[in-house]
Amino acid sequence: GAHLAMLYSQKMPETSCIPITFNVSMAGPTELSIIFKIPADTIMAIQEQMQNAVVHPNKKDIDALVYFCTGRNNLPLSFYTADSIAGALLEASPTYWTNPNSKPTIFAYGKEDKLVQPQHVNTITARYDSLQLPYDLILYPNSGHFLANDPDCATLLSEKIQDYANVYLK
């Protein structure tokens, strides 16, 4: 949920039926290339088998991933390159769409999260820093993806959300 909300806010805020004034990203992936690693030899095997009218067993997974990221399907053989697949992952990565008009954001991440690892928070906050965008970062030291083991951090997050609402929902 946090990934899609952040992506929507970064990529197409003008289509929202209500103005987006700030974001709260709770353990949201920001860079899909961190999660999805497709070995070059797999891509080459898919190309080779497609040329021979054979379907590689990983092709359907890559097709599903690309469709999720871009909405494109029925991909031509020429699409199956490392650069094309990396580009599709970028299209669905909030960091890629972060720009000088991006909204202030509260980021909350668990230090024990095995799914959304530290590179996500490092990548997005570095982008926010480079653009001098306002954000707050709350790191839950004992929590995984569900941010469930740090009640003090949960309280801080609630307080930050209230602060942002007071500032940005005027």
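Report on the accompanying structure. Computed from a prediction, not measured in an experiment: that's the story for all the values here.

Some points on helix α5 (residues 82-91)
All of the buried residues along α5 are Ile 85, Ala 88 and Leu 89. For α5, the arc enclosing every buried residue in end-on projection is 100 degrees, short of the 170-degree limit, so these residues lie on one face. Looking at the buried residues of α5, the elements they touch are α2 (32-35), α3 (40-51) and α4 (59-70).

Side note on the environment of Leu 4
The residue Leu 4 is located in helix α1 (residues 2-11) in this model. For the pair Leu 4 and Ala 92, spaced 88 residues apart in the sequence, the C-alpha separation amounts to 8.5 Å.

Observations concerning the packing of aromatic side chains
Applying the stated criterion across every chain yields a total of nine aromatic pairs. Relative to Tyr 128, the ring of Phe 107 has its centre 5.3 Å away and its plane inclined at 90 degrees; by these criteria the two rings are edge-to-face. Placement of Phe 107 in strand β2 (residues 105-110) and of Tyr 128 in helix α7 (residues 118-130) is noted, with a sequence separation of 21 residues between them. By relative accessible area, Tyr 128 is classed as buried at 0%. Aromatic side chains Phe 107 and Tyr 135 sit 5.9 Å apart centroid to centroid with 70 degrees between the ring planes, which places their arrangement in the edge-to-face category. Residue Phe 107 is found in strand β2, and its partner Tyr 135 is found in strand β3 (residues 135-140); the two are separated by 28 residues along the sequence.

Each value, and the rule that gives it
- Residues numbered from 1 in each chain as written.
- Predicted model: local features only at pLDDT ≥ 70, side-chain atom pairs only at ≥ 80, totals over all residues.
- Heavy atoms only, no water.
- Buried < 20%, exposed > 50% of the residue type's maximum accessible area, 1.4 Å probe, protein only.
- Helix = DSSP H or I, 4+ residues; strand = E, 2+ residues; numbered from the N terminus.
- Arc of directions from axis to C-beta.
- Contact = heavy atoms within 4.5 Å.
- Phe/Tyr/Trp six-rings, centres within 6.5 Å; stacked < 30°, edge-to-face > 60°.

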